[in-house]
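# Structure assessment
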Amino acid sequence: MKIQQISLFIENKPGHIAAPARLLAQEDIDIRALYLADTEQYGIVRMIVSDWQRAAALLEGHGFAIKVTEVLAVEVPDHPGGLADVLVALDGTGINVEYMYGFPCMRGNEAILIFRFADPDAAIARLQTADINVLASDELLKR
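So, here's what we can say about the structure. (Residues numbered from 1 in each chain as written. Predicted model: local features only at pLDDT ≥ 70, side-chain atom pairs only at ≥ 80, totals over all residues. Heavy atoms only, no water.)

With 7 of 8 residues buried, strand β3 (residues 42-49) is to be regarded as a mostly interior element. Inspection of the sheet shows strand β1 (residues 2-11) paired to β3 by 6 bridges, in the antiparallel sense. Directly across from Ser 7, in β3, lies its bridge partner Arg 46. Bridging between strand β2 (residues 31-38) and β3 involves 7 bridges; their strand directions are antiparallel. By the bridge assignment for β3, Leu 36 is matched with Val 45. The loop that links β2 with its antiparallel partner β3 comprises 3 residues. (Buried < 20%, exposed > 50% of the residue type's maximum accessible area, 1.4 Å probe, protein only. Helix = DSSP H or I, 4+ residues; strand = E, 2+ residues; numbered from the N terminus. Pairing = 2+ DSSP bridges.)

Have a look at this one:
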């Protein structure tokens, strides 16, 4: 149920995100989810890709600084309060959400969010106890 996410560290300058995107495209590696955070001098591109091991090796081989982290893909009801319902399930558990971002896919009345938890195993257990669907990597990448 844990999904490998690549975090790519790049300078915050025009055109710097194009090179890694071209490299992935040339190797037929699909970017399935993407989040870009920036500061004045650098950016962090977080992405879920179709083949994280090949992508990591490719990017590192071309001199990019990357980090692979475990995240969870969680189905969230697509209605007002859907996210709140998921977060309420974590109340009182001490499980910290480090960050989250949207996945550009819906299934029925469910949206998908990518969560980075301080303790992903505890988050999985708690979310499953609350009948919240945490997607496996292969299930997510098929969408």
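Take the environment of Asp 85 next. Topologically, Asp 85 is positioned in helix α3 (residues 82-88). Given a relative accessible area of 45%, Asp 85 falls into the partly exposed group. For the pair formed by Asp 85 and Ile 132, sequence separation is 47 residues and the distance between their alpha carbons is 9.5 Å.

Two measures define how a pair of helices packs: the angle their axes make with one another and the distance between the axes. Look at helix α1 (residues 18-26) against helix α2 (residues 52-61): their axes get within 10 Å of each other, and the N-to-C directions meet at 130 degrees. Comparing the axis directions of α1 and α2 gives the class oblique. The handedness of the crossing between α1 and α2 comes out as right-handed. For the pair α1 and α2, contact is made by Pro 20, Leu 23 and Leu 24 and by Ala 55, Leu 58 and Leu 59, respectively. Split by residue class, the contact of α1 with α2 holds 6 nonpolar, no polar and no charged. (Axes fitted to C-alpha atoms, helices over the stretch in contact; angles between N-to-C directions. Parallel < 35°, antiparallel > 145°, perpendicular 65-115°, else oblique. Left-handed = near helix turned anticlockwise from the far one by under 90°. Contact = heavy atoms within 4.5 Å. Nonpolar A, V, L, I, M, F, W, Y, C, P; charged D, E, K, R; others polar.)

Bringing the packing of aromatic side chains into the picture now. Here a ring pair, both rings aromatic, is described through the centre-centre distance and the interplanar angle of the planes. By the definition in use, this model includes 2 aromatic pairs. Between the aromatic rings of Phe 115 and Phe 117, the centroid separation amounts to 5.2 Å while the plane-to-plane angle is 10 degrees, which identifies the pairing as stacked. For the pair formed by Phe 115 and Phe 117, the shared burial category is buried. The ring of Tyr 99 has Arg 46 sitting right over it, with the charged end atom 3.7 Å from the ring centre. (Phe/Tyr/Trp six-rings, centres within 6.5 Å; stacked < 30°, edge-to-face > 60°. Lys NZ or Arg CZ within 6 Å of the ring centre and 35° of its normal.)

That is the geometry; function is a separate question.
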